[in-house]
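# Structure at a glance
In case you want the letters, here they are:
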Amino acid sequence: MTARAAILSRLKAGVFRQPVATQAAADVPYPLPTDNLRAQFIERLSETHAEVRSCDAESMPQAVVDWMTDIGAQQQWVSQTSALGQQLWKRKPKDAVWVDPQAPMDQDRAQVFHDIGLAVTSSHSALFETGTIALIPDQHEPRTMSLVPPIHLVVVHLSSVVGRFEEWIRRYPACAEHTNVLMITGPSKTADIQQTLAYGAHGPKRLLVMVVE
Amino acid sequence: MTEATPIRILDNPREPSFRPAMDYLIDKRAQQFPDSDDFERLRVQSKQLKQAALSNLPALLEQAEAAMVANGIQVHWAETIEEAQATIHQIMLDTQATTMVKGKSMVSEEIYLNHHLEAHGLRAVETDMGEFIVQLAGETPSHIIMPAIHKSKEDIAALFQAHLDVPYTLDVDELIAIGREQLRTEFEQAGIGLSGVNFIAADTGTLCLVENEGNGRLSTTAPDVHVAITGIEKVVAHLADVPKLIRVLTRSATGQPITTYVNWIHGPRKPEERDGPRAVHLVLLDNGRSQLYQKERQQESLQCIRCGACMNHCPVYTRIGGHAYNTTYPGPIGKILSPHLTSLPDTPDHPKASTLCGACHTVCPVGIPITDLLLDHRAQATLPRREQWIWRFWSMFNRHPRVYRMSLGLMLRLYPLLPKWLGGWTRHRAAPALSHQSLGQKMAARPKKGVQSGAAS
Amino acid sequence: MKQTSKQAAIPADVYVFGTCIVDVAFADAGMDAIAVLESMGIRVHYPEQQTCCGQPAMTSGATEQARAVARAQLRLFPEPWPIVVLSGSCTGMFRHHYTQLFAAPDPDHGLAIDVSSRAVEWMEFLASCPPLVSRNATPVKVVVHTACSAQRETNTRTATESVLGHWEQVQVVTADHATECCGFGGTFSVRYPDISNAMVTDKCDALLATQAERIVSSDCACLMNINGKLAKRQDALQGEHIATLVRDIVLGDRHD
Ligand code: SF4
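The structure presented is a predicted model; accordingly, all values stated were derived computationally and were not measured. Positions within a chain are numbered from 1, following the residues in the order the chain's sequence is written. Working convention: letters from A go to chains and numbers from 1 go to ligands, in the order in which they are written. Local features in this predicted model are restricted to residues of pLDDT 70 or higher, and side-chain atom pairs are both shown and tallied only at a pLDDT of 80 or more, whereas totals for entire chains, interfaces and linings draw on every residue. Only hydrogens and water are set aside when side-chain values are computed; all heavy atoms of the structure are taken into account.

This part is about the overall build of chain A. Only DSSP runs of H or I with at least four residues qualify as helices, and only runs of E with at least two residues qualify as strands; both kinds are numbered from the N terminus onward. From N to C terminus, chain A includes six helices and twelve strands. Sequence-distant contacts in chain A: of pairs separated by 6 or more residues, those separated by 24 or more amount to 70%. The convention is simple: Lys and Arg are positive, Asp and Glu are negative, and His and the chain ends are not counted. Where a charge lies is defined by one atom per residue type: Lys uses NZ, Arg uses CZ, Asp uses CG and Glu uses CD. Separation between the mean location of the 19 positive side-chain charges and that of the 22 negative ones in chain A comes to 8 Å. Note on definitions: a residue-residue contact is assigned when non-hydrogen atoms from the two residues lie within 4.5 Å.

What follows is the structure, encoded as structure tokens:
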């Protein structure tokens, strides 16, 4: 008998207690704040140790480029094919070194891991409650972008903010069709050394969020 | 696996205790559950979700497998830890990788994967900071969430200095930066990555991973092959159940409303994608779980979502730390789980090394009645002959009020409960002071007025 | 005694279940508890045949012996009166474990349900009655230790707060890690004497650090453990059954 058959047959021979249904199982609704969502969302993001700027839709591409210039990382990853990337490339400052991420893990990994100082990506949506940003990486913005460079700048549209995780999954069941879905809350961190919080364990040390109204 | 001697829990409190570390985790959790009614509601919800999934486990496993296979994930089943080791070893040989980067996975600890691979000339590199530290020290995790919680900053500074050829520093940011640099080189080169899984959604075939550092993402993104390993009990019915369980998992574990990363994996990269593993494997481990599933009461321990809150709140764990348990899973959950893992020899002490204080039970986010299960273990176990006699003797006294009342002196009546055979008691305490006259005697001696001292009025 | 209207009426009769440790080691406290009940005009019935609730055997895995002893207790309370238990964890045993110990189809299942529904810990009982008037205004600073099982299985903790909170002269202070176990755990303290010692040492330190004048508890097993440690270290204080404190407050100074 295969391991699979043996395991399943033992499980089928068992009976696991049925849950006792009670009222408690119902979800509590979590409406978004109706007044000044922007300010409140920015506050939530800041609590996660993200750095936040905001702008309106019209000024967005330039505001992002300005922020990138302020950071001044030598090499920056900007997708040449994503909708966001295309808008940014049009505004690329002359002396900035921008690189399209290509196939990041199939090229010179040393460069990927050590030379890229910042990556810019768009986002899919966000969760108000926890200041979380949802990303669905694809061929235009591969997942390495939000993972390997020490700084990740992500653009979030206020209109995409959902109350909390439970609602998000109800609203976007199609997320299961993507290879990889990511929820990001603040920069990479660890408290593994004597419960002392340190940022930039393995992922980005800084998370910059541009909130677009 | 051999007919090894039983595994014991050592009566060895550490000085200083783990109190500051545990208090830190206890406080952080408490801040996330300010309202006890709210916690109770979430706890009932999570328990119901886990019980609903478990009560349909075989069908959900088949459903999950079908969904994963459709998504391109290769699913392997392992009844024993040896089968799991061999499966992963073979995947590694097929990949022609010599180094494996590992995200945090307690199930990989359960199957002694690092040891197995090393014995076959392959490297396994732990990349979670805590696991990395523990591996450098040649140890195993002492906590399921905070593997290096038994190590001080000074220990780690000395360890890094000795093994990594870096200057001694007590600056935690610097220490973390050292670990980051060290492990980046490993991520650059590794051909295979391993991770655990927090939840598998049966309807979508999703592997869900939560973590803070990003090493889990790196281990599942940078190498060409990703192997995930988990226990068969991790399946839940719907992807929509996962956020509800994460809500209690991360709050209970580290007092975070959510971890930095919640990673959902649905398969290997698609042809048009530019990164991600080209192959994804999942190893489903049994190692006694399916036998446990057949046990009417004990089966509830399969509800566990491995948050670690029970150990954080355990006064025994706080005094002895995780290594004293001598099993992969320490603390209260370890006590009720370890006796069922077929890879382990007997763990007869595990259910006994508890005061039954119930602190674990009170915080468990999926409502596992840990104290009741410990009691059940004790009731199922055969008592040593000497103890059987003591309890028979005790029962004789207490079933016969006449014997009880007339027994010579109070000491005799208290005998089964007290010192003498209880050895260590008086090493640390004065013997109890007994009353000159028992309450029963005092009541019997009272003049009978309005007050009565009989069973019947 | 002044009574406010909404308080539950005081029953005319109650049973008292002393528990084995009170019987043997805290007999005076048992008498104090009974004296307080009688001062409320209650007729106290103390079944002479009582011994032990069975908990020590049950928690040690000697289920059969626990059941045999528990069965002997079941028949001691024929009248429908409350069964006032002088120890918190024993109340928990009555309330939560008897129905499991005598699960259907056990012939005593119905009896066990009845007994468990009437079991009430002494402080819970006082809290359910109109507040007691104090005859002793001497200020006193008190720290309370509540047994773990009593915290989970009874309302002893809140009942104690409400009863003691009623008297202005009583200042209740909270110890560090107040809800943590004292390390007794029955046979645990024997199997793991050093771990148990580490726990009881911390417990004693925390209780003493409050600078309270009296350490009280409704649980005699914990008291035996804590007092054993305090005595061994020759600390000045000893823990007392809470009934002794309440008696001193309600009935005034002892002149015997
Ligand atoms: S038993 Fe409960 S508290 Fe302990 S790790 Fe599992 S889920 Fe968490």
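A word on the interface of chain A and chain B. Of the residues lining the interface, 82 residues belong to chain A; the matching set on chain B comes to 93 residues. What gets called buried area is simply the loss in accessible area from a 1.4 Å probe that two parts show on being joined, summed for both. Roughly 7700 Å² is buried in total at the junction of chain A and chain B, and carbon and sulfur atoms are behind 55% of that figure. Interface area lost by chain A to chain B is led by F16, I193 and H202 of chain A, which between them contribute 12%. Put simply, a salt bridge is a Lys or Arg side-chain nitrogen that is within 4 Å of an Asp or Glu carboxyl oxygen. Across the chain A-chain B interface, the total number found is eleven salt bridges. D286 of chain B is the partner of R10 of chain A in a salt bridge, and the nearest nitrogen-oxygen pair spans 3.0 Å. Here a polar contact means two N or O atoms within 3.5 Å. Within protein one must be a hydrogen donor candidate and the other an acceptor candidate, and residues neighboring in sequence count only if both atoms are side-chain atoms. The interface formed by chain A and chain B includes 49 residue pairs in polar contact (both at pLDDT 80 or more). At the level of elements, α1 (3–13), α5 (109–114), α6 (165–171), β9 (180–184), β10 (189–190) and β11 (198–199) of chain A are the ones that each hand at least two residues to the side of chain A that touches chain B. Each residue is assigned to one of three groups, with Ala, Val, Leu, Ile, Met, Phe, Trp, Tyr, Cys and Pro labelled nonpolar, Asp, Glu, Lys and Arg labelled charged, and all others, Gly among them, labelled polar. The residue makeup of the side of chain A that touches chain B, split by class, is 41 nonpolar, 26 polar and 15 charged.

Here, proximity means that at least one heavy atom of the residue falls within 4 Å of the molecule or strand. Neighbouring the ligand are C304, I305, R306, C307, G308, C310, I333, C364, P365, V366, I368 and I370 of chain B. Each residue belonging to the shell around the ligand can be placed in one class, and the counts come to ten nonpolar, one polar and one charged.

A word on the packing of aromatic side chains. Pairs were defined over the aromatic rings of Phe, Tyr and Trp, the Trp ring being its six-membered one, requiring ring centres within 6.5 Å. Orientation was assigned from the angle between planes: stacked under 30 degrees, edge-to-face over 60, tilted for the rest. One pass over the structure, following the stated rule, counts 20 aromatic pairs over all chains. Measuring from centroid to centroid gives 6.4 Å for F165 of chain A and W168 of chain A, while their planes differ by 65°, and the two rings are edge-to-face. Of this pair, F165 of chain A and W168 of chain A are both found in helix α6, three residues apart, which corresponds to roughly one turn of the helix. One exposure class covers both F165 of chain A and W168 of chain A, and it is buried. A network of ring pairs unites the aromatic residues Y15, F17, F77, W81, F94, Y98 and F102 of chain C as a single cluster. Distance and angle both matter: a charge sits over a ring if NZ of Lys or CZ of Arg is within 6 Å of the ring centre and within 35 degrees of the ring normal. Residue placement shows R29 of chain B over the ring face of F39 of chain B; its charged tip is 4.8 Å from the ring centre. Under the scheme applied here, a residue whose accessible area is under 20% of the maximum for its type counts as buried, over 50% as exposed, and between as partly exposed, the area being computed with a 1.4 Å probe on protein chains only.

Once that is clear, we can look at the pattern of salt bridges. In the structure shown here, the tally under the stated rule is 47 salt bridges over all chains. The shortest N-O distance in the salt bridge between E51 of chain A and R206 of chain A comes to 2.8 Å. With E51 of chain A in strand β1 (residues 51–55) and R206 of chain A in strand β12 (residues 206–212), the pair connects residues that are 155 residues apart, well separated along the chain. Classification of E51 of chain A as partly exposed rests on a relative accessible area of 28%. By sharing partners, the salt bridges in this structure join D32, R214, E240, R247 and D248 of chain C into a single network.

On to the nonpolar core, then. Among buried residues, those of type Ala, Val, Leu, Ile, Met, Phe, Trp, Tyr and Cys that are joined through side-chain atoms within 4.5 Å constitute a nonpolar core. Membership of the largest hydrophobic core comes to 225 residues, with the highest contact counts inside it found for W168 of chain A together with L37, W122 and L126 of chain C. Aside from chain neighbours lying at most four places away, what touches W122 of chain C is A33, V36, L37, V84, V85, L86, I242, A243 and V246 of chain C. Core analysis: the next-biggest nonpolar cluster, separate from the first, contains 35 residues, V112 of chain A together with V101, I133 and A148 of chain B among them.

A few words on the sheet that holds strand β5 (residues 199–201) of chain B. In this scheme, strands are said to pair when DSSP sees at least two bridges between them. The eight strands are arranged β8(A)-β5(A)-β6(A)-β9(A)-β9(B)-β6(B)-β5(B)-β8(B) in an open sheet whose pairing can be described as mixed. If you trace the sheet from one side to the other, it starts and ends with β8 (161–162) of chain A together with β8 (235–236) of chain B, each paired once. Examined bridge by bridge, strand β6 (residues 206–211) of chain B and strand β9 (residues 261–265) of chain B share five bridges and lie antiparallel to one another. Each residue of the ladder has a partner; that of L207 of chain B, found in β9 of chain B, is I265 of chain B.

With that settled, the discussion passes to unusual backbone geometry. In this model, E15 of chain B is joined to P16 of chain B through a cis peptide bond whose omega is -5°. Position of P16 of chain B among the secondary structure elements: in the segment before α1 (19–32). Residue P105 of chain C is reached from A104 of chain C by a cis peptide bond, and omega for that bond is 10°. By the element assignment, P105 of chain C lies in the loop between α5 (88–101) and α6 (109–118). In this structure, Q195 of chain A is a non-glycine residue whose phi angle is positive, near 55°. In this structure, Q195 of chain A sits in the loop between β10 and β11. Here T19 of chain C, not a glycine, exhibits a phi torsion of approximately 80°, which is positive.

Along the chain, E300 of chain B falls in the loop between α12 (289–293) and α13 (309–312). Once the C-alpha coordinates of E300 of chain B and I368 of chain B are considered, the two residues, 68 residues apart in sequence, prove to be 6.2 Å apart. With near-sequence residues (within four places) excluded, E300 of chain B lies in contact with F16 and R17 of chain A together with Q51, I368, P369 and L373 of chain B. Polar side-chain contacts of E300 of chain B include one of 3.1 Å to the side chain of R17 of chain A.

Moving on, we get to the confidence of the model for chain C. Residues and elements named next belong to chain C. pLDDT gives the predictor's per-residue confidence on a scale running from 0 to 100. Taken residue by residue, chain C gives an average pLDDT of 91. The fraction at 70 or more is 96%. Considering only residues more than four positions removed or in separate chains, one finds that residues 1–6, a stretch of pLDDT under 50, has seven contacts. For this predicted complex, the interface confidence reaches an ipTM of 0.96, while the overall pTM sits at 0.93.

Our focus in this paragraph is the layout of surface pockets. Grid points spaced at 1 Å and placed over the protein atoms alone form the basis of the search, with a cavity being a set where a 1.4 Å probe fits but cannot get out and a pocket an open set showing protein on both sides within 12 Å along at least five of seven lines. Lining residues have an atom within 4 Å of a point. Grid points are joined across faces, edges and corners, and a volume is the space filled by probe spheres set on the points. What the second largest pocket holds in volume is close to 760 Å³. Counting residues per element, the ones that place at least two in the lining of the second largest pocket are α1, α2 (36–54) and α16 (359–363) of chain B together with α5 and α8 (148–153) of chain C. The biggest single contributor to the lining of the second largest pocket is α2 of chain B, with eight residues. The class makeup of the residues in the lining of the second largest pocket is seven nonpolar, ten polar and ten charged.

Here we come to the packing of helix α7 (residues 129–136) of chain B against helix α8 (residues 153–164) of chain B. Residues and elements named next belong to chain B. Angular values range over 0 to 180 degrees, each being the angle between N-to-C directions of two axes fitted as lines to C-alpha atoms, with helices fitted over their stretch in contact. At a minimum axis distance of 10 Å, the contact between α7 and α8 shows a crossing angle of 65°. For the pair α7 and α8, the sense of crossing is left-handed. Each of F132, I133 and L136 in α7 lies in contact with α8, whose residues at this interface are I156, L159, F160, H163 and L164. Its residues assigned to classes, the contact of α7 with α8 comprises seven nonpolar, one polar and no charged. Working rule for handedness: look at the near helix, and if it is turned counterclockwise from the far one by less than a right angle, call the crossing left-handed; if clockwise, right-handed.

Contacts between the two partners involve 71 residues from chain B and, on the opposite side, 74 residues from chain C. Carbon and sulfur atoms make up 61% of the surface buried where chain B meets chain C, a total of about 6100 Å² over both sides. On inspection of chain B and its partner chain C, the count reaches eight salt bridges. With a shortest N-O distance of 2.9 Å, R319 of chain B and E180 of chain C are connected by a salt bridge. One can count 24 residue pairs in polar contact (both at pLDDT 80 or more) joining chain B with chain C. Ranked by residue count, the leading element in the side of chain B that touches chain C is helix α18 (residues 385–399) of chain B, at eight residues. Its residues placed into classes, the side of chain B that touches chain C shows 32 nonpolar, 22 polar and 17 charged.

The span one expects for a helix is its residue count, reduced by one, times 1.5 Å. With 13 residues, helix α12 (residues 220–232) of chain C should cover 18 Å at 1.5 Å per step; its first-to-last C-alpha distance of 18 Å lies within 8% of that length. When you tally the buried positions in α12 of chain C, you get eleven out of 13 residues, the bulk of the element. Turning to α12 of chain C, its buried residues number three or more, namely C220, A221, C222, L223, M224, N225, I226, N227, G228, K229 and L230 of chain C. Lining the buried residues of α12 of chain C we find α21 (425–428) of chain B together with α1 (20–25), β5 (140–145), α11 (193–209), β7 (214–217) and β8 (239–241) of chain C. Of the residues flanking the end of α12 of chain C, it is Q234 of chain C, one or two places downstream, whose phi is positive at about 60°.

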